[in-house]
Amino acid sequence: MLPEFQLQWNWLDAPAGGEGELRATWARLRIAVGAETVTLVQEPGPGTFREYTTGSLYPLAEWVAFNWWSLVADARPGTQISQLRFTYRYGVGDDRGSWWMRSRRHILRAACDGFRWPDMLFVPEGRETRIVWMPDMGPDARPGDRFASRGNSCVESAAFTATLASFVDAVTERLTAQGITGTPLQEEWAAVRATDEDEAAFCRVAARLGLDPYAEAEPYEADILKAAEQLPEPLASDFFNGVRPERIADQLQWIARVSTLMGTAPQDAPLPAELVELRKDCADLSERFFAPGRLDNPWDLGYEVAHRVRAWAGIDDTAPFDPAPLMGYRTEQVPYMDRGLVALGTRRGADGPVLVSSRRYTDRPRRFLQARALWHLICDPDDTFLIAAAHTHRQHVARGFALEVLAPAKGVASLLADPGHLVSAEDVEVIADDYGCGNIVVEHQLDNRVLAKDFTWSGRPRAGAPAGERGRGA
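The text that follows walks through the structure, step by step, so that each part is easy to find. From a predicted model like this one, the values you see are computed outputs, not experimental measurements.

What follows is about the environment of proline 135. Topologically, proline 135 is positioned in the loop between strand 8 (128-134) and strand 9 (151-156). Here the alpha-carbon distance between proline 135 and arginine 150, two residues 15 residues apart in the chain, equals 5.5 Å.

Following this line, the structure appears as structure tokens:
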């Protein structure tokens, strides 16, 4: 069960000074994700903390209202989340050049207006919204609370947006009750609330493209409408999450050209027997993923399908798996640099299942791409699919499947030379060679599965483990 995103506040009398809307919305605020308190503030005394911050909620509500469509639909900052451990390990919301400029619509600290908010990043990933928050570290001359909590979690998107909407509603109602009207917040939020479904659909598409629908989308409106008309869902959603706005028309032409090259099999043409078997074996997992309202962890779903596929292939956890025999493959390059749309595939090409990539790949990256495509061939109810450089729910499941089917975590753990010590670069290279995959595949499995399980998948003892735990598998 996913944790709940919580905003809890109590209205207070404001201290002297300050503008009307700031004074009228003075409050004590606690932000939490499940059992984790984001607004955990370090007090001056050693080891002393409190769970709330105090200030005006007006700038926070204004930031939500003016960035509403980005918060509910723009998944693009998710492509930078993996960088947070390195370049941005000391914070997600500090002023760090282009990354900050691209992501400020998702970073709570951008709602400053003289107040200091937790360093939080919100990224919608479809059914789920990812929330990353970082503590304040190192010397900092800026005034305000210093937050001590750290986390990276997913919450249900529908509940998340409902909580944000209720919060902005409460702030605007507080302003009205205090006799304050005509503020930018009230006008913007009234416009958002009055948006009809057609306009809201356009705003969500513009946000998926990384645009402010009111200030930046107009030059691309004709292309957006054309793409929305030509591409069915979920193809359209993957398209808009991956393509650059200035390349919409070009990428539409690429899809049309590739679709012609792939051709279409007669409706009654049978699928290859292997694919029919795999689809039957994994039908229950496909239903779980596509069932309305299901919130299974996308990575875990991908892993489960991968285990079924490897069992079907009859290979153990340390043996390589090659998805290439299950589909045709070719390259139809685009004449410009745009890595947002990676490939187009179909179960029912003229010559059977086929994948067409938008640029040339060497063997190992191509194998990962084909593994992502295999999940769609097995589980996707739609015959035609896009593989995009987007971090959405569908793309996460396919990535998780590809990682586990190519380099199972149990196999990676068992192939480590010495699990009681640090993993070496040589370990990674040797294991990647064994599986015939890229080093990054092994590194992801180490980071997210093997190390997270404390090496116990290998069946060998953890360094320093109590005697009663030695040799225990996970």
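Next comes the rest of the account.
Before going further, it helps to spend a moment on the packing of helix 12 (residues 283-290) against helix 13 (residues 298-313). One way to put it is that helix 12 packs onto helix 13 with a least axis distance of 10 Å and a crossing angle of 170 degrees. As far as their axial angle goes, helix 13 and helix 12 are roughly antiparallel. Where helix 12 crosses over helix 13, the two elements pack in a sense that is left-handed. Residue-level inspection shows Asp284, Leu285, Arg288 and Phe289 of helix 12 in contact with helix 13, the latter providing Leu301, Glu304, Val305 and Arg308.

The subject of this paragraph is unusual backbone geometry. Looking along the chain, the bond that leaves glutamate 233 and enters proline 234 is cis, with omega of 5 degrees. Residue placement: proline 234 occurs in the loop between helix 8 (221-230) and helix 9 (235-242).

Pairing between sheet strands relies on hydrogen bonds along the backbone, with the strands arranged either parallel or antiparallel. In space, the 4 strands of this open sheet follow the order 10-12-11-13, with mixed pairing throughout. The two strands at the open ends of the sheet, each matched to only one other strand, are strand 10 (328-331) and strand 13 (384-388). Across the sheet, the mean angle separating the axes of adjacent strands is 20 degrees when strand polarity is ignored. Two strands pair when backbone bridges link them, and strand 11 (residues 341-349) and strand 13 are joined in this way by 5 bridges, in the antiparallel orientation. What sits directly across from threonine 346, in strand 13, is threonine 384. Strands strand 11 and strand 13 of the sheet are contacted by helix 9, whose axis makes an angle of about 20 degrees with strand 13.

Let's shift gears to the pattern of salt bridges. Summed over all chains, the structure comprises 22 salt bridges. A salt bridge links arginine 50 to glutamate 43; its shortest N-O distance comes to 3.2 Å. Given a relative accessible area of 18%, arginine 50 falls into the buried group. Taking the shortest distance from any N to any O, the salt bridge between arginine 364 and aspartate 433 comes out at 2.5 Å. Of this pair, arginine 364 sits in helix 14 (residues 363-379) while aspartate 433 sits in helix 17 (residues 425-435), and the two are 69 residues apart along the sequence. Using a relative accessible area of 29% as the deciding quantity, one classes arginine 364 as partly exposed.

Turning our attention to the sheet that holds strand 8. In space, the 3 strands of this open sheet follow the order 7-8-9, with antiparallel pairing throughout. Bordering the open sheet on either side are strand 7 (119-124) and strand 9, each of which pairs with just one other strand. Looking at each pair of strands side by side, their axes are set apart by 20 degrees on average, direction ignored. As paired strands, strand 7 and strand 8 are joined by 6 bridges and run antiparallel to one another. Paired with proline 124 across the bridge in strand 8 is threonine 129. Sitting on the sheet, helix 5 (residues 157-177) is in contact with strand 7, strand 8 and strand 9, with an inclination near 95 degrees to strand 9.

What counts as what
- Residues numbered from 1 in each chain as written.
- Predicted model: local features only at pLDDT ≥ 70, side-chain atom pairs only at ≥ 80, totals over all residues.
- Heavy atoms only, no water.
- Helix = DSSP H or I, 4+ residues; strand = E, 2+ residues; numbered from the N terminus.
- Axes fitted to C-alpha atoms, helices over the stretch in contact; angles between N-to-C directions.
- Parallel < 35°, antiparallel > 145°, perpendicular 65-115°, else oblique.
- Left-handed = near helix turned anticlockwise from the far one by under 90°.
- Contact = heavy atoms within 4.5 Å.
- Pairing = 2+ DSSP bridges.
- Salt bridge = Lys/Arg side-chain N within 4 Å of Asp/Glu carboxyl O.
- Buried < 20%, exposed > 50% of the residue type's maximum accessible area, 1.4 Å probe, protein only.

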